Amino acid sequence: MIVRALADGFTWRVAAAVLVLVAAAIVVPVLNLSVPAGSALHVPTYAVTLFGKYLTYALLALALDLVWGYCGILSLGHGAFFALGGYAMGMYLMRQIGSRGVYGNPILPDFMVFLNWKQLPWFWYGFDHFWVAAIMVLAVPGLLAFVFGWFAFRSRVTGVYLSIITQAMTYALLLAFFRNDMGFGGNNGLTDFKDIIGFDIQSDETRAALFAASALTLALGVVLVAFFVKSKYGKLMIAVRDAESRTRFLGWRPENVKLFAFTASAVMAGIAGALYVPQVGIINPSEFAPANSIEVVIWTAVGGRATVVGPIIGALVVNWGKSWFTGAFPEFWLFALGGLFILVTLFLPKGIVGTLVEGWTARRARRASATAEKDVEPESFGKDEELRAEAAE
Amino acid sequence: MFLLRSALLLLAVLLAPISAVHADEAATRAAVAKFGRAMSFSDVEKVVKEVAATGDPAAVRALAALADGNLYARQPDGAVFVVKEKSDGFDLFDPLTGKAEGSAGKDAMVKVKVKNSLRRLIGDAVGNLTLAARDPAVRLAAATTMLNSPDASTIEALDAAIAKETDAAVRRRMEAARASAVLVSDRSEAEKEAAIDLLGARGDRDTLSLLLSYEATAKGPLKDRAASAVSDMRDVLAWWGVAQNAWYGISLGSVLLLAAIGLAITFGVMGVINMAHGEMVMLGAYTTFVVQEIIRASFPGLFDWSLAIAVPLAFLVAGAVGLVIERGIIRFLYGRPLETLLATWGVSLILQQAVRTIFGPNNRDVGNPSWMSGEFDIGQLAITWNRLWIVLFALAVFTVLLYVFNRTSWGLHMRAVTQNRRMASSMGIRTPWVDALTFALGSGIAGIAGVALSQIDNVSPNLGQSYIVDSFMVVVFGGVGNLWGTLVGAFSLGILNKFLEPYAGAVLGKILILVLIILFIQKRPRGLFAQKGRAVEA
């Protein structure tokens with residue numbers, strides 16, 4: 001049965017995405033580490049790190065797609081879960097610095113010494129172990145999403161109201177993390193990392209490994225989401241999205257469905273954040289800014305919500321465009337981004353992938369009707385059409 | 001001592017011209033002219049006493065200059081001038097009026113001699129003169145200076161002044177000044193006790209710090225008495241503190257009201273979350289900036305009117321932009337509120353970048369007209385004029401909108417569309433037209449808010465961003481489709497915020513408010529003043 005569900009979930013697009021990601025996880029590190037720097041095939045380290053960062057963004061967009069595309073919850077606070085996962089990882093990396101900090105304190109991170117703190121706050125305990133940090137990466141965003149969703153979905157806060165309070169949530173966290181006495185480095189956040197599980201975080205090998213980890217995690221995320229949305233529970237999610245009241249009247253509990261999707265999505269976002277931080281080398285409160293969370297929404301919208309591959313393509317395309325634009329025309333990036341928001345919502349509501357899929361489906365429908373009438377059509381035409389369609393796929 | 005004297009002198013010099021016209025100038029002038037022939041210290045002392053006896057505050061300028069060593073006599077005619085040294089001689093000024101009287105070479109002028117014991121006499125004379133000034137404001141200012149820097153030697157002068165004083169407020173201030181002087185003198189305990197009681201009854205912060213410093217040095221029963229006076233005053237001041245917080249809260253509430261009310265209209269009528277609302281506020285603020293620039297360049301005399309000119313212009317600019325957004329984007333997205341949210345976010349990015357490109361990324365300087373600067377006191381409450389005007393302005397905007405909503409046919413149409421769009425449409429209301437105008441109205445109101453906010457906040461491309469989350473909170477808290485909800489929401493959030501701030505700090509207070517709103521929405525998902533009826537769910 002599981003095999004059957006997996007097979008159902010694996011459209012050729014998902015399979016292709018997974019293959020590409022796994023291939024990238026192997027090929028890019030090889031091209032970076034083994035091919036000499038002069039070669040045309042060499043991938044420079046900065047590109048590895050840059051695309052590794054994009055892959056974590058793609059995972060974040062996929063997480064948002066799960067709640068927005070499939071469950072109809074527009075969260076404007078997913079950046080908060082991403083940042084919380086990032087902070088959990090950042091705290092681990094801070095503890096790994098040990099006595100190599102500017103002040104050389106073996107226990108306290110630099111900013112605590114600077115603030116004249118005498119001992120480690122209780123919530124930093126255990127972060128010197130990777131497994132504790134790994135659990136926190138999953139647990140903290142998951143718990144916040146669970147508590148938040150538990151309250152919000154049970155009292156049937158929906159639509160724009162929900163969007164606004166998710167924005168309020170991330171804004172409140174932004175303000176909180178800016179405070180120095182919160183114990184998370186205040187304005188400057190956590191940075192100046194040295195090691196991750198014993199490896200030098202600056203070395204090419206570690207960076208290539210982090211890239212591979214990001215690509216593989218994203219591939220795993222794609223498989224899980226594709227499997228999940230094709231399962232019975234996924235159908236229920238779509239039902240809640242399209243007709244919440246009707247689903248309720250049929251005897252289901254939409255709040256539980258939403259709560260599950262929201263929490264799972266938050267955990268995914270947290271993992272994305274945890275992979276993001278060691279690659280960019282810093283985590284600070286600006287990751288909580290409401291504008292960041294809204295930008296994630298546009299990645300998903302551009303790529304195509306309610307598709308599995310769409311958010312990944314959207315995140316890669318928009319972020320690559322951002323890097324290119326801010327290099328070439330720094331003045332115009334916000335114009336381009338703003339225009340993208342408007343044009344996509346007006347003219348491309350299904351996003352790139354959604355529109356393409358729609359086009360193919362329409363074509364297949366035409367072909368089906370064409371083959372139905374093949375008595376009157378010359379036989380070769382129908383065959384040609386079929387071959388061409390297959391070639392296109 | 002020295003500080004007190006210099007403060008008094010400075011004060012007197014500043015205030016003297018106000019009262020100069022009233023006095024018998026000829027007699028004073030004659031007395032001051034005698035400095036020109038005062039050769040010895042004893043002569044100067046005599047003349048100082050004579051000048052003090054005229055009781056004319058106009059003489060303060062001459063006495064102050066004498067104490068500073070700037071009073072000179074011209075040779076050979078002996079005319080007396082206040083001088084200002086320059087490289088090749090002196091600039092001369094009239095000793096009474098301060099009018100410029102040309103200049104003279106260094107060897108033509110002889111300094112009127114002065115020494116420290118004389119300076120003391122001069123200080124007392126100046127104090128007495130200002131306490132005797134015709135203008136109550138001068139007397140009040142003199143008494144205030146004496147109150148804040150008590151000096152035992154001033155008691156007699158104050159006694160004399162109190163006996164003559166006719167203005168009740170000035171006399172109270174003088175009595176307080178005398179009491180503070182008594183505390184630092186070696187007078188009897190009974191007198192000091194009376195002084196403590198008198199000061200304790202005043203209950204302002206300056207007196208509190210006076211009494212506190214006295215309490216620290218006093219001994220025995222006097223110390224206890226001062227301590228109890230201090231604790232009484234603290235109780236009174238605590239109440240003033242509450243009033244101050246309430247005022248700050250009302251002030252913040254009025255800002256929130258201005259920022260949120262346009263949003264409440266568009267959200268209420270059209271169910272549209274306009275993420276570009278903050279940028280409409282920003283456009284209003286930049287309109288004010290442009291108006292002021294034009295006025296500064298071409299019509300400087302009109303500066304006090306700049307805001308009155310900016311208000312309608314800001315309404316038109318922001319309203320026109322709103323109309324374009326509605327016709328160009330939003331009308332294609334009806335029934336898809338989440339997509340509208342994204343598209344308007346895009347609009348806000350474009351507007352921000354446009355303003356940044358045109359006006360630059362830095363803060364722009366928007367000035368306060370004269371009637372909006374300064375502050376005044378009610379009891380222990382300091383109220384700045386710009387805050388007061390903004391509160392009044394917010395209430396005025398609210399009243400006008402209330403009138404439009406409840407008393408005009410357009411308002412009727414808007415309410416009808418809010419309550420039941422399809423029914424309203426069936427009754428012949430052109431709902432697309434109502435939508436367009438409503439959106440323009442909401443945006444225009446945001447523009448007006450921008451004019452007001454330009455007076456208290458930095459005018460930068462990010463201005464709108466800082467208000468957008470707060471405005472949403474107000475609308476969501478107050479409930480949609482009801483202006484009163486926005487009013488109550490704005491003021492309760494403002495006041496709550498300011499009362500939390502002293503205990504939790506500004507940032508934590510804000511976080512608490514956000515958490516409270518998130519919890520509140522669970523209880524009342526449609527806000528404080530929710531619409532009722534079947535149409536709501538549709």
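Residues numbered from 1 in each chain as written. Chains lettered and ligands numbered in written order. Predicted model: local features only at pLDDT ≥ 70, side-chain atom pairs only at ≥ 80, totals over all residues. Heavy atoms only, no water.

## Brief notes about the overall build of chain B
Right, so step 1: Tallying secondary structure elements over chain B gives 21 helices and seven strands in all.
Right, so step 2: For 538 residues, the compact-globule estimate of 2.2 N^0.38 gives 24 Å, and the C-alpha radius of gyration of chain B, at 32 Å, exceeds that figure by more than 25%.
Right, so step 3: In terms of overall dimensions, chain B has C-alpha extents of about 100 × 60 × 40 Å along its principal axes.
Right, so step 4: Looking at chain B as a whole, 50% of its 538 residues qualify as buried.
Right, so step 5: The contacts in chain B between residues at least 6 apart in sequence include a share of 69% that link residues at least 24 apart.
Right, so step 6: Of the accessible surface of chain B, which amounts to about 24,000 Å², a share of 61% is contributed by carbon and sulfur atoms.
Right, so step 7: Between the mean site of the 51 positive side-chain charges and the mean site of the 46 negative ones, chain B shows a separation of 8 Å. (Helix = DSSP H or I, 4+ residues; strand = E, 2+ residues; numbered from the N terminus. Rg over C-alpha atoms; globule rule 2.2 N^0.38 Å. Buried < 20%, exposed > 50% of the residue type's maximum accessible area, 1.4 Å probe, protein only. Contact = heavy atoms within 4.5 Å. Areas by Shrake-Rupley, 256 points an atom, 1.4 Å probe, with all protein chains shown as cover. Lys, Arg positive; Asp, Glu negative; His and termini not counted. Charge placed at Lys NZ, Arg CZ, Asp CG, Glu CD.)

## Concerning the side chain of Ser471 of chain B
Residues and elements named next belong to chain B.
Right, so step 1: By the element assignment, Ser471 lies in helix α19 (residues 465-478).
Right, so step 2: Reaching out from Ser471, the side chain makes a polar contact with the backbone oxygen of Tyr467 at a distance of 2.6 Å.
Right, so step 3: Filtering out sequence-adjacent residues up to four positions away, Ser471 remains in contact with Ala259, Ala260 and Leu263. (Polar contact = N/O pair within 3.5 Å; in protein donor to acceptor, adjacent residues only side chain to side chain.)

## Re a nonpolar patch on the surface
Residues and elements named next belong to chain B.
Right, so step 1: Residues Val290, Ile294, Phe299, Leu302, Trp305, Ile309, Leu313 and Leu316 make up a contiguous nonpolar surface patch of about 730 Å² in total accessible area.
Right, so step 2: Put simply, the parts of the chain that give the nonpolar patch at least two residues each are α12 (277-298) and α13 (306-328).
Right, so step 3: By residue number, the principal contributor to the nonpolar patch is α13, which donates three residues.
Right, so step 4: Mapped onto the fold, Trp305 is located in the loop between α12 and α13. (Patch = residues over 30% accessible without salt bridge, like charges linked within 9 Å, V, L, I, M, F, W, Y side chains within 5 Å. Salt bridge = Lys/Arg side-chain N within 4 Å of Asp/Glu carboxyl O.)

## Regarding the pattern of salt bridges
Residue and element names in this part refer to chain A.
Right, so step 1: In this structure the tally under the stated criterion is 24 salt bridges over all chains.
Right, so step 2: With a shortest N-O distance of 3.7 Å, Lys194 and Asp192 are connected by a salt bridge.
Right, so step 3: For Lys194, a relative accessible area of 24% corresponds to the partly exposed category.
Right, so step 4: Taking the relative accessible area as the measure of exposure, Asp192 reaches 41% and is therefore partly exposed.

## Here's the deal with the confidence of the model for chain A
Residues and elements named next belong to chain A.
Right, so step 1: Across chain A, pLDDT averages 87, with 92% of residues at or above 70.
Right, so step 2: Per-residue pLDDT, averaged within each element of chain A, yields its smallest value for helix α16 (residues 379-392) (43) and its largest for helix α11 (residues 254-280) (95).
Right, so step 3: Every residue in residues 377-393 scores below 50 in pLDDT, and together they form nine contacts with partners more than four places removed in sequence or on other chains. (pLDDT = per-residue confidence, 0-100.)

## Overview of helix α7 (residues 155-164) of chain B
All names here are of chain B.
Right, so step 1: All of the buried residues in α7 are Ile155, Ala157, Leu158, Ala161 and Ile162. All buried residues of α7 lie within an arc of 155 degrees about the axis, which places them on one face of the element. In α7, the exposed positions that point more than 90 degrees away from the buried face belong to Glu156, Ala163 and Lys164. (Arc of directions from axis to C-beta.)

## A look at the pairing of strand β6 (residues 375-378) of chain B
When a strand is regular, its side chains alternate between the sheet's two faces.
Residues and elements named next belong to chain B.
Right, so step 1: Pairing geometry for β6 and strand β7 (residues 381-384), over four bridges, is antiparallel. Counterpart to Glu375 in the pairing with β7 is Thr384.
Right, so step 2: Between the end of β6 and the start of β7, which pair antiparallel, lie two residues, with Gly379 showing a positive phi angle near 60 degrees. (Pairing = 2+ DSSP bridges.)

## Points about the nonpolar core
Right, so step 1: Trp124, Leu190, Met237, Phe288, Trp299 and Val308 of chain A together with Met473 of chain B are the most contacted members of the largest nonpolar core, which has 210 residues in total.
Right, so step 2: With 15 residues, helix α3 (residues 45-68) of chain A is the single largest residue contributor to this core.
Right, so step 3: With 31 residues, the next largest nonpolar core counts Leu147, Ala161, Met174 and Ala181 of chain B among its residues. (Core = buried A, V, L, I, M, F, W, Y, C linked by side-chain atoms within 4.5 Å.)

## Section: the packing of helix α6 (residues 130-154) of chain A against helix α7 (residues 159-178) of chain A
Residues and elements named next belong to chain A.
Right, so step 1: Where α6 contacts α7, the two axes come as close as 12 Å, and the packing angle between them is 145 degrees. Note on packing geometry: the crossing formed by α6 with α7 is right-handed. Along its contact with α6, which presents Leu144, Phe148, Ala152 and Phe153, the element α7 presents Leu162, Ile165, Thr166, Met169 and Leu173.
Right, so step 2: Partitioning the contact of α6 with α7 into residue classes produces eight nonpolar, one polar and no charged. (Axes fitted to C-alpha atoms, helices over the stretch in contact; angles between N-to-C directions. Left-handed = near helix turned anticlockwise from the far one by under 90°. Nonpolar A, V, L, I, M, F, W, Y, C, P; charged D, E, K, R; others polar.)

## Structural notes on the packing of aromatic side chains
All names here are of chain A.
Right, so step 1: Applying the stated criterion to the full structure yields 37 aromatic pairs over all chains.
Right, so step 2: Residues Phe329 and Phe332 carry aromatic rings whose centres are separated by 6.5 Å and whose planes lie at 75 degrees to one another, so their mutual orientation is edge-to-face.
Right, so step 3: Ring-pair connections join several aromatic residues into one group, and the members of that group are Tyr87, Trp122, Phe123, Phe177, Phe184 and Phe288.
Right, so step 4: If you follow Arg305 out to its NZ or CZ, it ends over the ring of Trp68, 4.4 Å from the centre. (Phe/Tyr/Trp six-rings, centres within 6.5 Å; stacked < 30°, edge-to-face > 60°. Lys NZ or Arg CZ within 6 Å of the ring centre and 35° of its normal.)

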